[in-house]
Amino acid sequence: SVGGMEQTPIIPDYEKVFARASGVRGVESIAGMASGYGIATNEAGDIEADEEEEDDEKRMEGMMAAVMMLFGVDAPGYWDLFDTIELVDGEFIQPGRPGLMMADDRVAKLAEHLKRDIAIGDEILIQGMGDSGIRLRSVPLVGTFRRVSEGAGPEQLTYIDIDTLRALSGMTIGASENIELGEAE
(Lines give C-alpha, C1' and ligand atoms only; values in the text may rest on other atoms or scores of the structure.)
Protein backbone atom coordinates (compact mmCIF):
# COMPACT_ATOMS: atom_id res chain seq x y z
CA SER A 1 0.00 0.00 0.00
CA VAL A 2 1.03 3.61 -0.36
CA GLY A 3 3.50 4.48 2.38
CA GLY A 4 3.16 1.01 3.88
CA MET A 5 0.05 2.08 5.80
CA GLU A 6 -1.58 -1.29 5.10
CA GLN A 7 0.03 -4.62 4.40
CA THR A 8 -0.01 -5.54 0.72
CA PRO A 9 -1.76 -8.89 0.25
CA ILE A 10 0.38 -11.64 -1.21
CA ILE A 11 -1.07 -14.27 -3.53
CA PRO A 12 0.70 -17.54 -2.71
CA ASP A 13 1.56 -19.67 -5.72
CA TYR A 14 0.54 -16.92 -8.15
CA GLU A 15 1.39 -18.99 -11.22
CA LYS A 16 -0.78 -21.87 -9.99
CA VAL A 17 -3.72 -19.55 -9.26
CA PHE A 18 -3.33 -17.96 -12.69
CA ALA A 19 -3.21 -21.36 -14.43
CA ARG A 20 -6.21 -22.61 -12.46
CA ALA A 21 -8.26 -19.49 -13.32
CA SER A 22 -7.50 -19.87 -17.01
CA GLY A 23 -8.69 -23.48 -16.91
CA VAL A 24 -12.12 -22.70 -15.47
CA ARG A 25 -14.89 -23.54 -17.91
CA GLY A 26 -16.41 -20.39 -19.41
CA VAL A 27 -13.32 -18.23 -18.82
CA GLU A 28 -12.23 -16.94 -22.20
CA SER A 29 -9.26 -14.83 -21.17
CA ILE A 30 -7.40 -13.67 -18.08
CA ALA A 31 -4.71 -11.10 -17.42
CA GLY A 32 -2.62 -10.06 -14.46
CA MET A 33 -2.86 -6.56 -13.06
CA ALA A 34 -1.53 -4.73 -10.03
CA SER A 35 -1.99 -1.17 -8.89
CA GLY A 36 0.04 1.41 -7.04
CA TYR A 37 0.96 5.07 -6.97
CA GLY A 38 3.89 7.00 -8.30
CA ILE A 39 5.08 10.54 -8.78
CA ALA A 40 6.90 11.73 -11.91
CA THR A 41 10.03 13.62 -10.93
CA ASN A 42 12.71 15.56 -12.70
CA GLU A 43 16.25 14.25 -13.25
CA ALA A 44 17.36 15.41 -9.80
CA GLY A 45 14.54 13.43 -8.19
CA ASP A 46 12.78 16.61 -7.07
CA ILE A 47 9.01 16.33 -6.99
CA GLU A 48 8.50 20.06 -7.43
CA ALA A 49 10.08 21.30 -10.64
CA ASP A 50 10.44 24.93 -9.66
CA GLU A 51 10.05 26.89 -6.45
CA GLU A 52 9.28 30.08 -8.40
CA GLU A 53 5.77 29.08 -9.45
CA GLU A 54 3.37 32.00 -9.76
CA ASP A 55 1.07 30.90 -6.95
CA ASP A 56 0.13 27.97 -4.75
CA GLU A 57 -2.80 27.00 -6.98
CA LYS A 58 -0.58 26.67 -10.04
CA ARG A 59 2.01 24.72 -8.05
CA MET A 60 -0.73 22.36 -6.81
CA GLU A 61 -1.94 21.82 -10.41
CA GLY A 62 1.62 20.91 -11.37
CA MET A 63 1.91 18.47 -8.49
CA MET A 64 -1.36 16.82 -9.48
CA ALA A 65 -0.03 16.41 -13.03
CA ALA A 66 2.91 14.47 -11.55
CA VAL A 67 0.78 12.11 -9.42
CA MET A 68 0.09 8.80 -11.15
CA MET A 69 -2.36 6.06 -10.26
CA LEU A 70 -0.37 3.22 -11.78
CA PHE A 71 -2.09 0.20 -13.33
CA GLY A 72 0.58 -2.42 -13.85
CA VAL A 73 -0.59 -4.57 -16.73
CA ASP A 74 0.59 -8.00 -17.70
CA ALA A 75 0.57 -7.17 -21.40
CA PRO A 76 -0.22 -10.58 -22.90
CA GLY A 77 -4.00 -10.67 -22.89
CA TYR A 78 -4.71 -7.44 -20.99
CA TRP A 79 -5.49 -5.34 -24.06
CA ASP A 80 -7.81 -8.07 -25.37
CA LEU A 81 -9.93 -7.89 -22.20
CA PHE A 82 -10.46 -4.16 -21.91
CA ASP A 83 -11.48 -1.65 -24.55
CA THR A 84 -11.91 1.41 -22.34
CA ILE A 85 -9.13 3.37 -24.04
CA GLU A 86 -8.04 4.07 -27.59
CA LEU A 87 -4.44 4.54 -28.65
CA VAL A 88 -3.64 8.10 -29.78
CA ASP A 89 0.12 7.85 -30.39
CA GLY A 90 2.82 5.20 -30.04
CA GLU A 91 1.93 1.66 -29.07
CA PHE A 92 0.39 -0.37 -26.27
CA ILE A 93 2.73 -1.74 -23.60
CA GLN A 94 4.35 -4.87 -25.00
CA PRO A 95 5.12 -8.14 -23.17
CA GLY A 96 8.53 -8.22 -21.52
CA ARG A 97 9.36 -4.57 -22.25
CA PRO A 98 9.25 -1.64 -19.83
CA GLY A 99 6.77 1.03 -20.79
CA LEU A 100 4.40 3.72 -19.65
CA MET A 101 1.15 4.92 -21.25
CA MET A 102 -0.45 8.22 -20.27
CA ALA A 103 -3.60 10.03 -21.30
CA ASP A 104 -2.69 12.42 -24.11
CA ASP A 105 -4.01 15.47 -22.23
CA ARG A 106 -1.90 14.62 -19.15
CA VAL A 107 1.37 14.45 -21.08
CA ALA A 108 1.21 18.19 -21.82
CA LYS A 109 0.43 18.99 -18.17
CA LEU A 110 3.32 16.83 -16.97
CA ALA A 111 5.69 18.40 -19.50
CA GLU A 112 4.74 21.84 -18.24
CA HIS A 113 5.30 20.78 -14.62
CA LEU A 114 8.69 19.17 -15.34
CA LYS A 115 9.63 22.09 -17.63
CA ARG A 116 10.69 19.86 -20.53
CA ASP A 117 9.21 18.38 -23.67
CA ILE A 118 7.89 14.83 -23.41
CA ALA A 119 7.41 12.67 -26.50
CA ILE A 120 7.00 8.97 -27.28
CA GLY A 121 10.28 7.24 -26.45
CA ASP A 122 11.33 9.74 -23.76
CA GLU A 123 12.21 8.40 -20.34
CA ILE A 124 10.11 9.52 -17.37
CA LEU A 125 11.54 9.15 -13.88
CA ILE A 126 8.95 7.74 -11.48
CA GLN A 127 9.20 7.65 -7.72
CA GLY A 128 7.31 4.75 -6.20
CA MET A 129 6.59 3.87 -2.59
CA GLY A 130 6.53 0.46 -1.01
CA ASP A 131 7.08 -1.32 2.29
CA SER A 132 10.83 -1.06 1.80
CA GLY A 133 10.86 2.68 1.11
CA ILE A 134 11.08 4.91 -1.94
CA ARG A 135 12.27 3.55 -5.29
CA LEU A 136 13.04 5.30 -8.56
CA ARG A 137 12.67 3.85 -12.04
CA SER A 138 13.13 5.47 -15.43
CA VAL A 139 10.48 4.22 -17.86
CA PRO A 140 9.99 5.08 -21.54
CA LEU A 141 6.71 6.65 -22.63
CA VAL A 142 5.55 4.12 -25.23
CA GLY A 143 2.05 5.42 -25.92
CA THR A 144 -0.65 7.94 -25.25
CA PHE A 145 -4.33 7.15 -25.00
CA ARG A 146 -7.76 8.70 -24.81
CA ARG A 147 -10.58 7.33 -22.67
CA VAL A 148 -13.51 6.14 -24.77
CA SER A 149 -16.02 6.60 -21.95
CA GLU A 150 -16.35 8.72 -18.84
CA GLY A 151 -16.13 5.70 -16.55
CA ALA A 152 -12.82 4.55 -17.99
CA GLY A 153 -10.82 5.60 -14.94
CA PRO A 154 -9.57 8.58 -12.99
CA GLU A 155 -7.61 11.38 -14.62
CA GLN A 156 -4.38 10.18 -12.98
CA LEU A 157 -4.72 6.68 -14.48
CA THR A 158 -1.41 5.68 -16.03
CA TYR A 159 -0.62 2.25 -17.44
CA ILE A 160 2.80 0.75 -16.74
CA ASP A 161 4.32 -2.67 -17.36
CA ILE A 162 3.64 -4.92 -14.40
CA ASP A 163 7.32 -5.72 -13.73
CA THR A 164 8.25 -2.05 -13.32
CA LEU A 165 5.27 -1.50 -11.02
CA ARG A 166 6.35 -4.47 -8.93
CA ALA A 167 9.85 -2.98 -8.63
CA LEU A 168 8.49 0.47 -7.74
CA SER A 169 6.16 -0.97 -5.11
CA GLY A 170 8.53 -3.56 -3.67
CA MET A 171 6.27 -6.42 -4.79
CA THR A 172 7.65 -9.80 -5.72
CA ILE A 173 6.18 -12.95 -7.14
CA GLY A 174 7.01 -15.99 -5.08
CA ALA A 175 7.74 -16.62 -1.48
CA SER A 176 8.04 -13.82 1.00
CA GLU A 177 10.87 -15.10 3.15
CA ASN A 178 14.28 -14.07 4.41
CA ILE A 179 17.13 -15.74 2.60
CA GLU A 180 20.55 -15.78 4.19
CA LEU A 181 23.58 -15.73 1.90
CA GLY A 182 27.03 -16.92 2.86
CA GLU A 183 30.25 -14.98 2.20
CA ALA A 184 30.89 -16.80 -1.09
CA GLU A 185 27.49 -15.86 -2.43
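The rules behind these values
- Residues numbered from 1 in each chain as written.
- Predicted model: local features only at pLDDT ≥ 70, side-chain atom pairs only at ≥ 80, totals over all residues.
- Heavy atoms only, no water.
- Helix = DSSP H or I, 4+ residues; strand = E, 2+ residues; numbered from the N terminus.
- Buried < 20%, exposed > 50% of the residue type's maximum accessible area, 1.4 Å probe, protein only.
- Contact = heavy atoms within 4.5 Å.
- Salt bridge = Lys/Arg side-chain N within 4 Å of Asp/Glu carboxyl O.

Asker: What am I meant to see in the side chain of T164 here?
Answerer: Within the secondary structure layout, T164 lies in helix α5 (residues 162-169). Classification of T164 as buried rests on a relative accessible area of 11%. Contact partners of T164, with chain neighbours within four places excluded, come to P98, R137 and V139.

Asker: I tried to follow the pattern of salt bridges on my own but got confused; where do I start?
Answerer: Pairing is possible between side chains of opposite charge, provided their charged atoms come close. All chains considered together, the criterion is met by 4 salt bridges. Measuring nitrogen to oxygen at the nearest pair gives 3.0 Å for the salt bridge that ties E86 to R146. Placement of E86 in strand β3 (residues 85-90) and of R146 in strand β6 (residues 133-147) is noted, with a sequence separation of 60 residues between them. One salt bridge in this structure joins D104 and R146, with 3.4 Å as the shortest N-O distance. Of this pair, D104 sits in helix α4 (residues 104-114) while R146 sits in strand β6; the two residues are 42 residues apart in sequence, bridging distant segments of the chain. What makes D104 partly exposed here is its relative accessible area of 28%. Residue class for R146 comes out partly exposed when judged on its relative accessible area of 40%. In this structure, a network of salt bridges that share partners links the residues E86, D104 and R146.

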